[in-house]
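Residue strings, one per chain:
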Amino acid sequence: MIEKLKQRWNVRNGWDVLIILVVFACTGFSVLYVKRWLFELVGLTDESPSWLRWAVNILIILPLYQVILLAWGWIWGKFTFFWEFEKRMFSRIGGLFRKKSAEM
């Protein structure tokens, strides 16, 4: 599994894979903490309409995740990897909204 991740992420060794996984874990825990704090700040609870909670997650938490991911990547010395990772991800997301010339 480590070898597959090394190839997929184009990294040199298992330590790089471990650091990348740690960054993803730190980001996930950080986002959960910030989300709980943010929801309390604006008064969202489990009784709040689910569409409102989803909207806050998509419009605020998702972009915040990207920023926190870059911050943890910088702290762990992998900023360049995560910057390229995010550019690829947004390129793929943007591709979902572009019309393909063959379909026209």
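What you see is a predicted model, and the numbers here were worked out from it, not measured in a lab. (Residues numbered from 1 in each chain as written. Predicted model: local features only at pLDDT ≥ 70, side-chain atom pairs only at ≥ 80, totals over all residues. Heavy atoms only, no water.)

**Focus: a nonpolar patch on the surface**
- On the surface, W74, I75, W76, F79 and W83 cluster together into a nonpolar patch covering about 580 Å² of accessible area.
- Those elements that place two or more of their residues in the nonpolar patch are α3 (50-75) and α4 (79-97).
- By the secondary structure assignment, W76 is in the loop between α3 and α4. (Patch = residues over 30% accessible without salt bridge, like charges linked within 9 Å, V, L, I, M, F, W, Y side chains within 5 Å. Areas by Shrake-Rupley, 256 points an atom, 1.4 Å probe, with all protein chains shown as cover. Salt bridge = Lys/Arg side-chain N within 4 Å of Asp/Glu carboxyl O. Helix = DSSP H or I, 4+ residues; strand = E, 2+ residues; numbered from the N terminus.)

**A closer look at the packing of aromatic side chains**
- Enumeration according to the criterion identifies 8 aromatic pairs in this entry.
- Here the aromatic rings of W9 and F81 are separated by 6.0 Å at their centres, their planes lie at 70°, and the arrangement is edge-to-face. Of the two residues, W9 is situated in helix α1 (residues 2-9) and F81 in helix α4; the sequence distance between them amounts to 72 residues.
- Under the relative-accessibility criterion, W9 is labelled buried at 12%.
- With a relative accessible area of 13%, F81 lands in the buried category. (Phe/Tyr/Trp six-rings, centres within 6.5 Å; stacked < 30°, edge-to-face > 60°. Buried < 20%, exposed > 50% of the residue type's maximum accessible area, 1.4 Å probe, protein only.)

**So, the nonpolar core**
- Counting residues in each nonpolar core, the largest one holds 10 residues, listed as L5, W9, V11, V17, I20, V23, L69, L70, F81 and F82.
- At the level of elements, α1, α2 (14-42), α3 and α4 are the ones that each hand at least two residues to this core.
- A per-element tally of this core places α2 first, with 3 residues.
- In contact with V17, other than residues within four places in its own chain, are I2, L5, K6, W9 and V11. (Core = buried A, V, L, I, M, F, W, Y, C linked by side-chain atoms within 4.5 Å. Contact = heavy atoms within 4.5 Å.)

**Some remarks on the packing of α1 against α2**
- The geometry of α1 relative to α2 is characterised by a closest axis approach of 9 Å and an angle of 80° between their N-to-C directions. Comparing the axis directions of α1 and α2 gives the class roughly perpendicular. Along the contact surface, α1 presents I2, L5, K6 and W9, while α2 presents G14, V17, I20, L21 and F24. (Axes fitted to C-alpha atoms, helices over the stretch in contact; angles between N-to-C directions. Parallel < 35°, antiparallel > 145°, perpendicular 65-115°, else oblique.)

**Digging into the UniProt feature "domain: DUF6787" (unreviewed entry) in the chain**
- Those places that UniProt annotates as "domain: DUF6787" (unreviewed entry) correspond, in this numbering, to residues 19-96.
- The span residues 19-96 shows a helical share of 87% and a strand share of 0%, and its end C-alpha atoms are spaced 30 Å apart. (UniProt positions renumbered as here; feature names shortened; annotations may be inferred.)

**Comments concerning α2**
- With 29 residues, α2 should cover 42 Å at 1.5 Å per step; its first-to-last C-alpha distance of 42 Å lies within 8% of that length.
- Among all positions in α2, only D16, V17, I20, V23, T27, S30, V31, L38 and F39 are buried.
- Where α2 is buried, its residues contact α1, α3 and α4.
- Taking the backbone nitrogen of W15 as reference, a side-chain oxygen 3.0 Å away marks N13 as the first, capping residue of α2.
- G43 sits one or two residues past α2 and shows a positive phi near 85°. (Expected span 1.5 Å × (residues − 1). Polar contact = N/O pair within 3.5 Å; in protein donor to acceptor, adjacent residues only side chain to side chain.)

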